Amino acid sequence: MPISHQQVTRVSLLGRLLLSEEETETMTAQLGQILTYMQLLDEVDTDQVEPMAHAVEVSDVFRGDQLAPSLARDLALANAPQHDGECYRVPAVLGDA
Amino acid sequence: MEFEAVIGLEIHIELNCPTKLFCDCPNRPGDEPNRNTCPTCLWFPGAIPRLSQAALEKAALLCLGLGAEIQPRNAFDQKVYYYPDLPKGYQLSQAHLPLARGGGIEITDENGKLKRARIHHVHMEEDVARLVHEIEGRTPISLVDFNRAGVPLVEIVTEPDFSTPHEAIEFLKALRAQVRYVGSSECSMENGTMRVDANISVRPRGASEMNTKVEVKNMNSIRHVGDAIAHEIGRQSASVQAGEAVTLHTRLWDPDKKVTLPMRAKFEGPCIPDPTVPTIELSREWIDDMRSRLPEMPATRAARFVAQYGLSGEEAAFLSSDPDTAGFFEALTAEGIAPRMAMHWLATQLLPAIKERRQELHNAPVTPGRFAALLRMLSQDQINANAAREVLLRLFDGDQPPAAIVDACGFRQVSDPEALGALIDKVVDAEAAAVADLRNGQGKAMGFLIGRVMQASGGKANPKIVRELLGKKLEAIL
Amino acid sequence: MSLTDLSAVELLDRLDARHVTSTEVVQAFLDRIERYDRRIGAFLRVDREAALDQAAAVDRKRQAGEALGRLGGLPVAIKDLLATQGEPTTCASRMLEDFRPPYDATVIARLKAADGVILGKTNMDEFAMGGSTENSAFRLTRNPWDTTRIPGGSSGGSAAAVAAAMAPLSVASDTGGSIRAPASWCGVVGLKPTYGRVSRYGLVAFASSLDQIGPLARTVEDAALLLEVLAGHDPRDSTSVDRPVPNYTSSVGRPLERLRLGIVPELFGDGLDAEVAAAVRVAVDVYRSLGATVQEVSLPHGKYAVATYYIIAPCEASSNLARYDGVHYGYRTDAQKAAARLEAERKALEQAGDRAGLDNLDTALVRMYRQTRSEAFGPEVKRRIMLGTYALSAGYYDAYYLKAMKVRRLVREDFDRAFEQVDLIAGPVTPMPAYPIGEKVNDPLAMYLCDVYTACTNLAGIAGLSIPCGFSSRGLPIGLHLQAPAFEEERLLRGAAMYQRATAWHTRRPSLDGE
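Counting restarts for each chain: residues are numbered from 1 in the order of the written sequence. Think of it this way: whatever chain is written first is A, whatever ligand is written first is 1, and the rest follow in order. The predicted origin of the model limits local features to residues at a pLDDT of at least 70 and limits the giving and counting of side-chain atom pairs to 80 or more, whereas totals for whole chains, interfaces and linings rest on all residues. Neither water nor hydrogens contribute to the side-chain values; these are computed over all heavy atoms in the structure.

(A) Spatial organisation of the pairing of strand β10 (residues 130-136) of chain B. All names here are of chain B. Here β10 runs beside strand β11 (residues 139-145); their pairing, made up of 7 bridges, is antiparallel. Bridge pairing links Val132 to Leu143 in β11. Linkage of β10 to β11, two consecutive antiparallel strands, is achieved through a turn of 2 residues, within which Gly137 is found at a positive phi near 70 degrees. A pair of strands counts as paired when DSSP detects no fewer than two bridges linking them. The way it works is that DSSP assigns letters per residue, a run of H or I at least four long becomes a helix, a run of E at least two long becomes a strand, and they are numbered from the N terminus.

(B) Region of interest: the sheet that holds strand β2 (residues 88-91) of chain A. What the 3 strands build is an open sheet, ordered β2(A)-β11(B)-β10(B); its pairing is antiparallel. Single-partner strands in this sheet number two, and they are β2 of chain A together with β10 of chain B. Across the sheet, the axes of successive neighbouring strands diverge by a mean angle of 35 degrees, strand direction being ignored. Taken together, the 4 bridges between β2(A) and β11(B) define a ladder with antiparallel strand orientation. Looking at β11(B), one finds that A:Pro91 is bridged to B:Ile141. Only the stretch in contact is used when fitting a helix axis, every axis being a line fitted to C-alpha atoms; angles between N-to-C directions are given from 0 to 180 degrees.

(C) The interface of chain C and chain A, seen in detail. Should any heavy atoms of two residues lie within 4.5 Å, those residues are considered in contact. On the chain A side, the residues contacting the 64 residues of chain C number 53 residues. Buried area: the accessible area, evaluated with a 1.4 Å probe, that two parts lose upon being put together, summed over both parts. Across the interface of chain C and chain A, roughly 5400 Å² is buried in total on both sides, 69% from carbon and sulfur atoms. Area buried by chain C at its contact with chain A is led by C:Arg370, C:Met386 and C:Arg409, which between them contribute 14% of it. Each polar contact in these results corresponds to two N or O atoms within 3.5 Å; when the atoms are within protein, one needs to be able to donate a hydrogen and the other to accept it, and residues that are neighboring in sequence are counted only if both atoms are side-chain atoms. Applying the counting criterion to the chain C and chain A interface returns 16 residue pairs in polar contact (both at pLDDT 80 or more). Going through the elements one at a time, α10 (305-320), α13 (364-376), α14 (379-392), α15 (398-421), α16 (444-448) and α17 (455-460) of chain C are the ones with two or more residues in the side of chain C that touches chain A. Tallying contributions element by element places α15(C) first for the side of chain C that touches chain A, with 11 residues.

(D) Broad picture of the domain arrangement of chain B. By convention here, the domain bounds are inherited from an automatic or database domain assignment. The domains assigned to chain B are domain 1 (3-281), domain 2 (296-409) and domain 3 (417-477). Taking only C-alpha atoms, the centre of domain 1 of chain B and the centre of domain 3 of chain B are 63 Å apart.

(E) Representation of the sheet that holds strand β6 (residues 90-93) of chain B. All names here are of chain B. Sheet architecture is open: 3 strands sit in the order β6-β5-β17, paired in antiparallel fashion. Looking at which strands have only one partner, the edges of the open sheet turn out to be β6 and β17 (271-273). Going across the sheet, the axis of each strand differs from the next one's by a mean of 25 degrees, ignoring polarity. Pairing of strand β5 (residues 77-80) with β17, which is carried by 3 bridges, proceeds in the antiparallel orientation. Across the sheet, residue Asp77 finds its bridge partner in β17, namely Pro273.

(F) Region of the structure containing the confidence of the model for chain C. Every residue gets a pLDDT, meaning the predictor's confidence in that residue, from 0 to 100. Per-residue confidence for chain C gives a mean pLDDT of 96; residues scoring 70 or more make up 100%. What the predictor reports for the complex is a pTM of 0.90 with an ipTM of 0.93.

And the structure:
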């Protein structure tokens, strides 16, 4: 079994998702199937191969550091679920992580 | 059992470039909340980071100033974790390929022995937003201000080379001086441009294995760092002594209770190379060019002060610990003030006065020129030390030249022997008892008499001349 | 002949010649949307008034003799993951249902500057994750050729809109085949440019090293026109490449002399529908008849493309979607309900004396995040976040993500080698024609396997295009896939156009109800 019920629950926390019992069942089966398929990659010899993290070989792209006008605060806050006109409001994070 | 401590430090330093690391918003976290944000640093859907050249240069200079080796190839990674101060759920940092490796600072341990505190690496990363905690009615809420999100930081990670709080403090002071010299940051713990976390573990004295470490955060000054480390060493030692295991976790320093308290651990997510910020490839030439831009660093400057101005090692170290202080000192000497006098008056009078007024040397109204003028009057005996101190205070109130203040306050010293002679005669006549004491060998009466003369002169008499003349007069009559 | 039967280039001719106004053109397409989109479901939003206002403004400019942009008043449909200032950009997700970006994507700004008229935002798989557009939170899009079947995804709305002549042009995105597959299933032309050819600023990211924006149209010339407007370096996108944009529209008509066409025998294996295979072979024969030489080339790592892609893309997606946390934009769960539920759970654990459970219970903040994301994301998005998060978690990073990044380089090197011998590579776009709605929506692996021919293009970062090349016995479109080396869009377009001129597949139209 490539992935267990427990692992699915643990990963759901890491990914900040909350799955119902039913969803966890389905997810375990589906991810299991997918991960089994991924084992195909074990066939490939990649010992001497450099990973390809960027799609295009561009380097050293810099910004000229010209100060530009920021977004007006009310525009920035316009999409906020909760705000007080100055800051975004969230449930307390004291001692939270 | 005796324990020894193994301490490593992680220092975050806010660079003083004009814009944020990945967008053109102003790098001014202290402005009104959420005024300095844009779709990029708010990480709206569709935003793409653009790396600041100024930030790279300031970071590189800082690394070179610390003797670290710039890595010709470095890149950004995504450090994923979920927290309201992180607008896109990952922080752009350099976990795999940092900007520089190695370097270090020479410090002295408690016994005065020189020791090298090594740096493991230095990397760039973006700062996170600021959270403010409030109570609304009975509900605790947190408010998020994204002005600081995206501000350019470097993080310096040291090797666990420190054994005592003293060493850590020495290192931080020296580091602060070096960073200020390079000009990459204000580097002040008081305003958040320098932040320190400490990793502490203990082991039996003389052992070589390292035990589980504990991370301590929330220390707001260099002194707090020392206090927190000392407390934590004690706490862990007691723990181990009692047979308890030390677990890997994070603690917060409580400056009021003076203890460290456990904090719920942050979920550390994965770290993958960021595909949107292109790799940084730095040539030998670029690195050499950066190196040529380094100013004279503190240690070199201190050595020069000893050689050039005849100051003691301690004095030179003190002056060179801050570039503004060193610069001010040299401006005074350039105006002809004797080095020892300049040092003394700068250290014991001017700097404390500035600190009291919560000003900074570079923006205080007391310029080197005005201060030098005052000190010149003192060295020429035009005023005495007390008067000089008085005038100094008044220099903060406006931009009058010191001479004008001296005259306005009537502080000019009286050195005229005739005028002083008359006063001395009066005092000697009036204080027969003191004179009699002197005749009986009580030397203290001399000081009393001088004091009386100073009083009679309204504080304006030149005490040296008074002593001289009084001595002559007494010699004559005793 | 109705205006909506004309290609974009033909419409532009008539507009330039003042035989017709932009208002009339836009009106014609709006009428068609009105008539057919209830059934097809291609659009999430159409703002009639705004579109007609834009058209009127272009007409005024034309009347006044002012110079016009390249699109001169042509209407364009936009996939709903491109930021349009002040207008909802939902990515077909509840998470962004009310999100109005305060800025335009670069391509949108270019469209507007070129005097294109935005008709509306098209439906898609949520956050571009899916191959059928069944994963939209808001509506179902049907294939105009057979409305019981999927149009493909994730750009299903765009492809259906163009196929049903509800828009002559559309701008969409392709991460593993999301332009090309729907184009092939809907019988239209779809192009994925080289990575870095078009700015991604304002494109809601799914997988940042794979995503690319591209055109959908009914003809290759139309695609060339739109690409010319979209392409080009953008300082706001550090991954966009600073290379001049060729004049695609003037070169597209020139056939490729001595074209060396490659075909990959490994692709024509068991999994490929016989009719699709046959149509592709016939297309290759057409190229022979046009003077091309055909050789076999090998892409030995092609068979690992799906596995590689479905590790890299979800991994990148899991961090790209970490920003959807309900803090500063997007959906947020009802915090009170979340708190109440949490409290109930705490009580239950206390009663059961479950110390471990209590220690591990979510904090209020963590629960807000989890509930927000679970309520606002659909199952496919969740699946990919789970897959990516798992693959990147401690202990698995090397085995999955690092491994996939290495295989990715091998895929790229396969193409580098192949393109030393041939100029273009031809093959199928999808393993079968459009399948019925509902057939694969609960079988994710089966759906992922449909990307077997297209995902490698994105992995390698090169250019690819789908052009109609036949129909199945059920009357469903079949597409021909052409791939070109990086930044050879000109070659790709010329090669596709020469095929198009020799065939008529692209001229067939679906018959819609009541037509």
